[in-house]
Amino acid sequence: MSEIEKKACPVIAKHIKVALVGQPNVGKSMLINSVSNAHLHVGNFSGVTVDKTEVLFDYKGYHFTVVDLPGTYAFTDYSIEERVTHKYLCDDGYDLIINVVDSTNLEKNLQLTSELMSMNKDIVIALNMSDEAQKEGIEIDEEYMSELLGIPCVKTSAVTKEGIEKLLDSVVSVGEQERQESKLIFSEPVEEEITKIVSYLQKHKHEASNSYRNIAINLLKNNKKTYTRLHDDPIWTELQPILIEATKHIELHHDSDDVKEAFAEEYASFNKGIITEVVKASAVQEKKTITQKIDNILIHPLFGIPIFLFFMWGLFQLTFEIGSIPMEWIEALFGWLGDTIGATIANEDVRSLIVDGVIAGVGAVVLFVPNIIILFIGIALLESTGYMSRVAFLLDGFFHKFGLHGQSFIPLVTGFGCSIPAYMSARILKNDRDRLLTLFIIGFMSCGARLPVYVLFAGAFFSAEMAGNVLFAIYIGGAFLGLIAAKILKLTAFKGADEPFVMEMPKYRLPSVKLIWHTVLTKTMMYLKKAGTFIAAASMLIWFLSNYPHNLELEEEFASKIELASLADEKKELSNELAVKHLEQSYLGTIGKFSEPLFEPLGFDWRMSVALQTGLAAKEVVVSTLGVLYSLGDEVDEESGTLVDAISKNISFASAVAFIVVIMIYLPCLAASIVFTREAGGIKYFFYLFAFTSILAYSLAFVAYNIALMFS
Amino acid sequence: MKTLKDCEKNQKVRVVKLHAPKELKQRLISFGIMKEAILEVIEYAPARSTIEVKVGKMNLALRAKEAELIEVKPI
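Residues numbered from 1 in each chain as written. Chains lettered and ligands numbered in written order. Predicted model: local features only at pLDDT ≥ 70, side-chain atom pairs only at ≥ 80, totals over all residues.

**Quick notes on the overall build of chain A**
Note the threshold: Helix and strand definitions follow DSSP, with helices as H or I runs of at least four residues and strands as E runs of at least two, each counted in order from the N terminus. Three exposure classes are used, all based on how many other C-beta atoms lie within 10 Å of a residue's own C-beta (placed from the backbone): buried at 20 or more, exposed at 12 or fewer, and partly exposed between those limits. A pair of residues counts as a contact when their C-beta atoms, built from backbone coordinates, are separated by no more than 7 Å.
Scanning chain A from terminus to terminus reveals 32 helices and nine strands. Seen along its three principal axes, the alpha-carbon backbone of chain A occupies a region of about 110 × 55 × 55 Å. When each of the 712 residues of chain A is scored for burial, the buried share is 47%. Residue pairs at least 24 apart in sequence account for 74% of intrachain contacts in chain A once pairs closer than 6 positions are excluded.

Here it is, written out as structure tokens:
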């Protein structure tokens, strides 16, 4: 591996641009990761890579650009990802294709390979997952296969890094050689028709960059590009009837009215031939595989769903129970940090900005890193083991009743982590209506950034034993609201026919520790980075808005009052009162007071109103805003050290419930809103989303507040 | 006409014809469900709304509604 380096592109090096193509879930991204030490997101379900990603590296004097394309089963333009891949492959912006295939399921994978072979491009086949194939007793004669297909085939394993260099060597040598004619052979009737067209083209000395055989195949396959190219040619008038006749023959031979179906069958029998020649599988295959054994339990018609719910419940229990252990330490650390740094700053205003603004705000967010890590680990496990597709299978019937597609489950669960990748992964839904519908309700799946708010409130109002359950209830409640919202939207805005549900159920894989570690690390670092930059800046802004303008009159009035007071307690109480008064007349107080009447029916004081508004930027800011606002008001009171105490003291239970409801439903953060707008395909959808979520959040919070009032 | 929907768990069948509309047909074909392919019913989801079938070495989930469009004969 020493020869592979990640470098900036040197100008003199020779360039090779490779398109990485394969069916979904064959390990394309993982392969590219092990080639270049890049870090692309990898999961065990179809559609992890939703957009093309470029990775650059150098190897043996060549500068490689590898374009990781979304997985595609065939060139059907079925989903957005397939369209991305197909379009990229049809445009000529690359030198050659690495076709990644799953060695354990060669027959299915070769179906795409045959389509690639009729594209007139250089191809190298990576027989990936060769380690798994070996374990399953599948032996592939790669040399014979290379010979039969006329394409170099290299056994690789992204996990053990076997064959990676050999693959790159093949790419280099293929790039240097002349292109070979594809060795794809069809059944006799089809070959006959191809010969007819080829000889017609020969007779008329048709000029083309592709071989005549290739043109003939593409014409018969109804390939649009070839069609348009020939359509304007004078020979078309004569060629067209020949073509129609030929198509008729082929369709008759295959007893089908669809020439694409006929060709798929042609490919399948060609591939079957290849497989019989090059693959030796040991006979012990009939034993039940581990996947089947696990599936007997996990997708059991009766127990499957309860097991899934149990897993989710367990995850939220862990999130709260284990996550709360290091919280005290983090809190103590930031308290100490505030004191230590505060002591070194002489200027009162600057000290307050740093200690009460930045450190309090960032500290309030960092506090929840342990919770976030556990949640991310849970989701990463769900993604990488293959369980995700099982749940989609179990829930499709149920989802379908709410107008959702079973595969909506994948973006929805991703939404529990972060809405942004969730919006992106909604691309696996082919139908635009289904996709839009899913996009609209992803926000109901509470993302990781909302977790701090929930943990804070659950901790403030419930005992430690109950808090995990409350958390679970909030998440499940949000999900259910999402389903109901989906049903409403499906019946009104997104009426239409149902999309078929056809989905691969991947084999279970043991999650690689490295992979999980990596995914969780990246996401946690992103969270921390946000805390250090965006949240810190927002905290400073909120600190400023809550400290200014200074009201000298007020300060003087209280200063003299404090001086007059004799008892220490009285002094404390007065300075406390000053802080509260000061906060109320600050800019933030003014905004809060201004919007207070709007939120009054929900039982929010102005501080909560402000927190909700700042939360539009990011949900973590809700916590840091509360942190800043309550720490300023209460800091004089030495007894109440933590924000949790401040909240339970200052906010009524009913208001807290209403607050949680709003947080659950209203608009996700600014970044997510931008991604939503992009994925939905227009700013108008953003306004729909804003109106929909705001109205729903407000009315449900109102109901929740009044119900909670009755009980408290 | 017997369709995939009417099969029992663990039953093996051969595909006779796809009665699906063009687009769905392409989709099924791209997963390997085509004439002469051998399918095995692995599991039914609750209320038989969704079916898991084995095609070659791949497991595939289909809705009952789609399974109804796949004509099969037992082997």
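**Details of the overall build of chain B**
Heads up, the rule is: In this description the radius of gyration comes from C-alpha coordinates, and the expected globular size is given by 2.2 Å times residues to the power 0.38.
Assigned secondary structure in chain B consists of two helices and five strands. For 75 residues, the compact-globule estimate of 2.2 N^0.38 gives 11 Å, and chain B sits close to it at 11 Å. Expressed as lengths along the three principal axes of its C-alpha atoms, the size of chain B is roughly 30 × 25 × 25 Å. For chain B, buried positions account for 48% of its 75 residues. Within chain B, contacts between residues separated by at least 24 positions form 57% of all contacts whose residues are at least 6 apart in sequence.

**Quick word on the confidence of the model for chain B**
Formally: For every residue, the pLDDT score states the predictor's confidence, bounded by 0 at the bottom and 100 at the top.
Averaged over every residue, the pLDDT of chain B is 89; the share at 70 or more is 100%. Taken over the whole predicted complex, pTM reads 0.74, whereas the ipTM for its chain interfaces reads 0.92.

**A short note on the pairing of strand β3 (residues 50-55) of chain B**
Residue and element names in this part refer to chain B. Cut-off, in case you're wondering: Two strands make a pair as long as DSSP finds a minimum of two bridges between them.
Counting buried residues in β3 gives five out of six residues, a clear majority hidden from the surface. Hairpin remark: strand β2 (residues 38-44) followed by β3, antiparallel, with five residues in the connecting loop; positive phi at A47, about 65°. Looking at chain direction, β3 and strand β4 (residues 58-63) are connected through six bridges and run antiparallel. Counted as the bridge partner of V53 is L60 from β4. Joining the antiparallel neighbours β3 and β4 is a turn of two residues, in which G56 adopts a positive phi near 60°.

**Considering the pairing of strand β2 (residues 53-59) of chain A**
Looking along a regular strand, one sees the side chains alternate between the two faces of the sheet. Residue and element names in this part refer to chain A. Across seven bridges, β2 lies against strand β3 (residues 62-68) in antiparallel orientation. Paired with V55 across the two strands is V66, which belongs to β3. If you look at the hairpin formed by β2 and β3, you'll find two residues sitting between the two strands, and K60 has a positive phi there, around 45°.

**Quick word on the interface of chain B and chain A**
If you look at the interface, chain B gives 29 residues, while chain A gives 31 residues. Secondary-structure elements contributing two or more residues to the side of chain B that touches chain A are α1 (22-30), β2, β3 and β4 of chain B. The dominant element in the side of chain B that touches chain A, judged by the number of residues it contributes, is α1 of chain B, at eight residues. Looking at chain direction, strand β9 (residues 502-505) of chain A and β4 of chain B are connected through four bridges and run antiparallel. Looking at the pairing, V502 of chain A lines up with L62 of chain B of β4 of chain B.

**Structural notes on the packing of helix α16 (residues 369-385) of chain A against helix α18 (residues 409-417) of chain A**
Residues and elements named next belong to chain A. Selection criterion: For helices, the fitted axis covers only the stretch in contact; all axes are lines through C-alpha atoms, and the angles between them, taken along N-to-C directions, range from 0 to 180 degrees. Roughly parallel here means an angle under 35 degrees, roughly antiparallel means over 145, roughly perpendicular means 65 to 115, and every remaining angle is called oblique. Crossings are classed by handedness, with left-handed meaning an anticlockwise turn of the near helix from the far one by less than a right angle and right-handed meaning a clockwise turn.
Running from amino to carboxyl end, α16 crosses α18 at an angle of 160°, the nearest separation of the two axes being 9 Å. Relative to α18, α16 is oriented roughly antiparallel. Considering only the axes of α16 and α18, their crossing is left-handed. Contacts from L375, F376, I379 and L382 of α16 reach α18 at V413, F416 and G417.

**Observations concerning the sheet that holds β2 of chain A**
All names here are of chain A. The six strands lie next to each other as β2-β3-β1-β4-β5-β7, forming an open sheet whose pairing is mixed. Edge positions in the sheet fall to β2 and β7 (153-155), since each has one partner strand and no second. With direction set aside, neighbouring strand axes in the sheet form an average angle of 25°. When strand β4 (residues 96-102) meets strand β5 (residues 122-128), the two strands line up parallel, connected through seven bridges. Of the residues in β5, the one forming a bridge with I98 is V124.

**Topic: unusual backbone geometry**
For K60 of chain A, which is not glycine, the phi torsion reads 45° and is therefore positive. Examined against the element boundaries, K60 of chain A turns out to sit in the loop between β2 and β3. The residue N10 of chain B is not glycine, and still its phi comes out positive at about 70°. In this structure, N10 of chain B sits in the segment before β1 (12-18).

**Considerations on the packing of helix α7 (residues 188-203) of chain A against helix α10 (residues 236-253) of chain A**
All names here are of chain A. Contact geometry of α7 with α10 gives a least axis separation of 9 Å together with a crossing angle of 170°. Classified by the angle between their axes, α7 and α10 sit roughly antiparallel to one another. Residues P189, V190, E193, K196, I197 and Y200 of α7 pack against L239, I242, A246, H249, I250 and H253 of α10.

**Quick word on the sheet that holds β9 of chain A**
What the six strands build is an open sheet, ordered β9(A)-β4(B)-β3(B)-β2(B)-β1(B)-β5(B); its pairing is antiparallel. Looking along the sheet, the strands with just one partner apiece sit at the ends: β9 of chain A together with β5 (70-74) of chain B. Averaged over all neighbouring strand pairs, the angle between strand axes comes to 40°, with direction disregarded.

**A short note on the environment of V358 of chain A**
All names here are of chain A. Here V358 is to be found in helix α15 (residues 348-366). Residue classification places V358 among the buried positions, given that 21 C-beta atoms sit within 10 Å. Distance from V358 to G592, taken between C-alpha atoms, is 21 Å for residues 234 residues apart in sequence. What V358 contacts, discounting residues up to four positions off in sequence, is L353, A536, S539 and M540.

**A closer look at helix α26 (residues 587-599) of chain A**
Because the α-helix completes a turn every 3.6 residues, residues three or four places apart line up on one side. Quick reminder of the rule: By this rule, a helix spans an expected 1.5 Å times one less than how many residues it contains. Axes are fitted to the seven residues ending at a residue and to the seven starting at it; the angle between these axes is taken as the bend at that residue.
Along its 13 residues, α26 of chain A runs 18 Å from first to last C-alpha, staying within 8% of the 18 Å computed at 1.5 Å per residue. Of all the bends in α26 of chain A, the greatest reaches close to 25° and is centred on K593 of chain A; the proline P597 of chain A follows between one and four positions later.

**Examining the environment of F64 of chain A**
Residue and element names in this part refer to chain A. Tracing the backbone through its elements, the reader meets F64 in strand β3. Take F64: there are 23 C-beta atoms within 10 Å of it, and that puts it in the buried class. The sequence separation of F64 and T237 amounts to 173 residues, and the corresponding C-alpha distance is 45 Å. When neighbours within four sequence positions are excluded, F64 is seen to be in contact with I16, V18, L56, F57, D58 and Y59.

**With respect to the confidence of the model for chain A**
Reading predicted coordinates in detail is not appropriate for stretches of low pLDDT. Residue and element names in this part refer to chain A. Looking at chain A as a whole, its pLDDT mean stands at 82, while 93% of the residues score no less than 70. Of all the helices and strands in chain A, helix α28 (residues 619-634) carries the lowest mean pLDDT, 73, while β7 carries the highest, 93. This stretch, residues 1-11, has a pLDDT under 50; its non-local contacts, to residues over four places away or in other chains, come to 15 contacts. Low pLDDT, under 50, characterises residues 633-640; the predicted model gives this stretch 13 contacts beyond four residues in sequence or across chains.

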